[in-house]
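Analysis of the macromolecular model
Here is how the chains run, residue by residue.
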Amino acid sequence: MKFSELLKKLSASITQHSLNTAESTDLELWGIDAIDRAEAGMLSYIEGPKFAAYVEKTAASALILPVDETLQTQATQRGIAWLSTPQPRLVFAEAIGLFYQPFRPAPSIHPSAIIDPNTTIGDQVYIGPHVVIQAGVTIGDGVCIHPNVTIYPDVQIGSRTILHASCTIHERSQIGADCVIHSGAVIGAEGFGFVPTAEGWFKMQQSGVTVLEDGVEVGCNSTIDRPAVGETRIQKNTKLDNLVHIGHGCRVGENCALAAQVGLAGGVVVGNQVILAGQVGVANQAKIGDKAIATAQAGIHSNVKAGEIVSDSPAIPNKLYLKISAIRKRLPEIYKTIKELQRQLNDHQ
Amino acid sequence: MKFSELLKKLSASITQHSLNTAESTDLELWGIDAIDRAEAGMLSYIEGPKFAAYVEKTAASALILPVDETLQTQATQRGIAWLSTPQPRLVFAEAIGLFYQPFRPAPSIHPSAIIDPNTTIGDQVYIGPHVVIQAGVTIGDGVCIHPNVTIYPDVQIGSRTILHASCTIHERSQIGADCVIHSGAVIGAEGFGFVPTAEGWFKMQQSGVTVLEDGVEVGCNSTIDRPAVGETRIQKNTKLDNLVHIGHGCRVGENCALAAQVGLAGGVVVGNQVILAGQVGVANQAKIGDKAIATAQAGIHSNVKAGEIVSDSPAIPNKLYLKISAIRKRLPEIYKTIKELQRQLNDHQ
Amino acid sequence: MKFSELLKKLSASITQHSLNTAESTDLELWGIDAIDRAEAGMLSYIEGPKFAAYVEKTAASALILPVDETLQTQATQRGIAWLSTPQPRLVFAEAIGLFYQPFRPAPSIHPSAIIDPNTTIGDQVYIGPHVVIQAGVTIGDGVCIHPNVTIYPDVQIGSRTILHASCTIHERSQIGADCVIHSGAVIGAEGFGFVPTAEGWFKMQQSGVTVLEDGVEVGCNSTIDRPAVGETRIQKNTKLDNLVHIGHGCRVGENCALAAQVGLAGGVVVGNQVILAGQVGVANQAKIGDKAIATAQAGIHSNVKAGEIVSDSPAIPNKLYLKISAIRKRLPEIYKTIKELQRQLNDHQ
């Protein structure tokens, strides 16, 4: 792709950000890679001035730069074509999509797929080998179902949604449009509902449903259970990483991001634009406000206010946590001080 | 279902608890849902007096109540049929089973299933599409094997056990009657056994077996390994949630509940009726006594006594943990106090 | 197997360790088990003198012992044949392999497997029922692919590698020779790459690849993502347990061991011979030096030096952690002391 063409396509897609393009030969670019891996003829990027040293040594022929005159001059002096933007990472993401498109099989239904006659299948659908689709299922237009997927009865799958290999969609689940369910994920299985009795656990049937709204992405081998009654719901455009567990009856708001190995117990309510970092756990019924952030491994046992940043287990405000972490390292020394104080005071008396 | 019929069926199933039924029109109920979601004609429940406000506004036509006169009067005044019980949650669980039965395919063997001729298959068995059953496997009566399941050689599956989609049962595993293995779970795979040598890791073959006794439930994408020698055993009626890991050679007692993302390292011994909350980890060879409880994210490195409640990592008695958590929040203030004491004492001298 | 034969085979395989075989009847051994489970005619082992009591009561007919005269005499007196070695656990591992070989299907390609014609399949390959292999895939000699596995396009699988049931290998992944991918694992799926914008998450296409070098083992339901650009790489002979997550762009060195439920965020760099115990989490871009060790549940947020042992979250040197853990338990008492000191000092003034 010509550099001029790249500029045109990128500026069209991110019109809200001004691309200040510098003069450059209209060179041909054949690929895109990280700054320390890019070869001649490739495009790369840096996020900010602290990566300036890379501009000095990269073999890349073109760069996406932050808005920074020094970096621009540096690139020009090395004969590197560049464009600058207040959001280099976003433009880099856009650019990757110009050089690379993920594997997407052509619409077709493999003869080895077992599809119940009582199903509704949209147009331009791909259904791979050994897929199983049971009665009462509705599949939207442009859906892509990779091999070995199992869909239980009465499931709805919205248009253009992608189901990767060996994932399982349980009975009555409703999956919106433009979702991605990664390999091995399990949607809508029975929640963990057992009532203790003198004779042991009594199994509560899980009559509820799991609903994923449009644009939701669920990572590999993640699990989203359905509840005894009511629904488990993941709202629009929320993204879940791998090995995440969402318990029965949770509601996760819009545009959230839950990193790998996060676990929500039952009935948790998460607001919009919430970020939970890796391995965070949230206890039963806890409520997390909009735009709250929990740092890695936090254990949330009670409600978190909107906008709050929490850390540690049990979770406390991040600022307090940072102070405590610093003090914690000095506990042995503090302990000595106290003993010394005690001694001094005793001597005194 | 008529309300009178409901009372009869519930009282039959929970004879050990007296149902004090109030006068009510013998109304027809068509469904069951949570108190804040139930519509007219539906049954719901509340667990205790703290949910009294819901009784005032629910649209439910019938309620399962705790034994509480105020609540009963409240319901009567709103024209809501009710029954009361010391265990509302249990009766609600029973009632769900009257209105809802989980999807259960009729007995049949799908022609796309690949079943080794050298297997023993019981009566009234369902084997779904694309299931693979290898040589030497024995399947009990009434077993239900959902699509895309793989069973390695010489496995035994007890009567009425359910294997959900894409789960894998490894060679020589023994699974009891009335078990449920949820989608994607892996039973009896090789334990993580590597001996360090000067040349790197030496792989210890895993010749042992995994045994699940009757009534065990294993959550989606959970993994229970087999050991080098001997067995990994999950005893009767123990329930494991999703994404749980049980290492090689563990023994988990009867009627335990292990919540999502719990991990047991190798050779852990867990007593009966133990509860491990979400994301708890247990180190190699640790022993946990009967009826012990570990709260979420606890890290158990040494033995836990019967009946003990432990928290934190490394795990300590829960009561001590609660005290420490309270003090922990005041560490910055405590630190200042110490510095102040030091200053005062120095001034003194 | 005759005891003399066992000695010969073991001494051949572990020539670097001298086996000091004692006089013994050349008995026939039919199996191998743990010291507390072994029956007459079986071989077992103990790791060190602290297990001496077991030698007194075991029913085993032969024992692998550490180099310890007391234990040797003890065994002789009970008529137990024995061999001793500085590495009893390693020799035991060797011996298991003499009595037990894991299930390994004979080379063959099942007719229900769907294999794209545009693939290269080596000699002596086993491809099980319902396996799906897409275009551009190369499979080495002696590879074993268990049922229900899915391989996306353009994947390379090295010789003798084993893919267990229902695992998924995504497009362009490169897997070396002698690897084992356990059931349900997902290799090379899209990394969790979303750029925040005013309109929500912008998906960064993941054009990179995942590379597993020779001898890598990946546990059940573990996930190793591919990055936006560049590669995620697991180097030679590194072993991953179950439910491990490796984020996009990580590099894990040679001969590491990552225990169950470990999670690495994006771009983490791990040296050689590193050990991460269960449920350890590592934050974005952190670097861990050669031979470092992180104890269970550690949360690593910044770089760890070669050889360092770290614990806790955020991770600190293990020695400091042990001191702090001891002091932590006395925090309530310390708090009282401080209050008392304050009171005394006030009385003084």
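Residues numbered from 1 in each chain as written. Chains lettered and ligands numbered in written order. Predicted model: local features only at pLDDT ≥ 70, side-chain atom pairs only at ≥ 80, totals over all residues. Heavy atoms only, no water.

Check the secondary structure of chain A and you find six helices and 37 strands. Principal-axis analysis of the C-alpha atoms places the extent of chain A at approximately 90 × 80 × 30 Å. Counting only residues that meet the buried cut, chain A has 60% of its 349 residues in that class. Looking at chain A as shown, the accessible area adds up to about 13200 Å², and 51% of this sits on carbon and sulfur atoms. The average position of the 28 basic charges and that of the 33 acidic charges among the side chains of chain A differ by 8 Å. (Helix = DSSP H or I, 4+ residues; strand = E, 2+ residues; numbered from the N terminus. Buried < 20%, exposed > 50% of the residue type's maximum accessible area, 1.4 Å probe, protein only. Areas by Shrake-Rupley, 256 points an atom, 1.4 Å probe, with all protein chains shown as cover. Lys, Arg positive; Asp, Glu negative; His and termini not counted. Charge placed at Lys NZ, Arg CZ, Asp CG, Glu CD.)

A separate point is the UniProt feature "active site" (unreviewed entry) in chain A. Residue and element names in this part refer to chain A. The sites that UniProt annotates as "active site" (unreviewed entry) are His248. Following the sequence through the fold, His248 ends up in the loop between strand S26 (245-246) and strand S27 (251-252). If we skip the residues at most four places from it in the chain, His248 touches Gly191, Phe192, Gln206, Asp225, Arg226, Pro227, Thr232, Gly266 and Gly267. A polar atom in the side chain of His248 sits 3.3 Å from the backbone oxygen of Phe192. (UniProt positions renumbered as here; feature names shortened; annotations may be inferred. Contact = heavy atoms within 4.5 Å. Polar contact = N/O pair within 3.5 Å; in protein donor to acceptor, adjacent residues only side chain to side chain.)

It is worth spelling out the sheet that holds strand S12 (residues 150-151) of chain A at this point. Strand order across the open sheet formed by ten strands is S6-S9-S12-S15-S18-S23-S26-S29-S32-S35 (chain A), with parallel pairing between neighbours. Lying at the two open borders of the sheet, with one neighbouring strand each, are strand S6 (114-115) and strand S35 (299-300) of chain A. (Pairing = 2+ DSSP bridges.)

Now for the pairing of strand S4 (residues 81-84) of chain A. Of the two faces of S4 of chain A, both are covered, the one formed by Ala81 and Leu83 of chain A as well as the one formed by Trp82 and Ser84 of chain A. Following the chain from strand S3 (residues 62-65) of chain A across helix H3 (residues 69-77) of chain A to the adjacent parallel S4 of chain A, one finds a crossover that is right-handed. (Right-handed = clockwise from strand over helix to strand, strands pointing away.)

With that out of the way, let us pick up the interface of chain A and chain C. With 61 residues of chain A in contact, the opposing surface of chain C contributes 73 residues. In total, about 5300 Å² of surface goes out of reach between chain A and chain C, with carbon and sulfur atoms giving 63% of it. Applying the counting rule to chain A against chain C returns two salt bridges. Between Glu217 of chain A and Lys203 of chain C there is a salt bridge; the shortest N-O distance is 2.6 Å. For the pair chain A and chain C, the interface holds 30 residue pairs in polar contact (both at pLDDT 80 or more). Secondary structure elements with two or more residues in the side of chain A that touches chain C: helix H4 (88-99), strand S25 (239-240), strand S28 (257-258), helix H5 (318-329) and helix H6 (331-348) of chain A. The element best represented in the side of chain A that touches chain C is H6 of chain A, accounting for eight residues. A per-class count over the side of chain A that touches chain C returns 29 nonpolar, 23 polar and nine charged. (Buried area = accessible area lost by both parts, 1.4 Å probe. Salt bridge = Lys/Arg side-chain N within 4 Å of Asp/Glu carboxyl O. Nonpolar A, V, L, I, M, F, W, Y, C, P; charged D, E, K, R; others polar.)

We now examine the domain arrangement of chain A. When the parts of a complex come together, some accessible area is lost, and that lost area is often taken as the interface size. Splitting chain A by domain gives domain 1 (3-99) and domain 2 (108-321). For domain 1 of chain A and domain 2 of chain A, the distance between their C-alpha centres works out to 37 Å. (Domains from an automatic or database assignment.)

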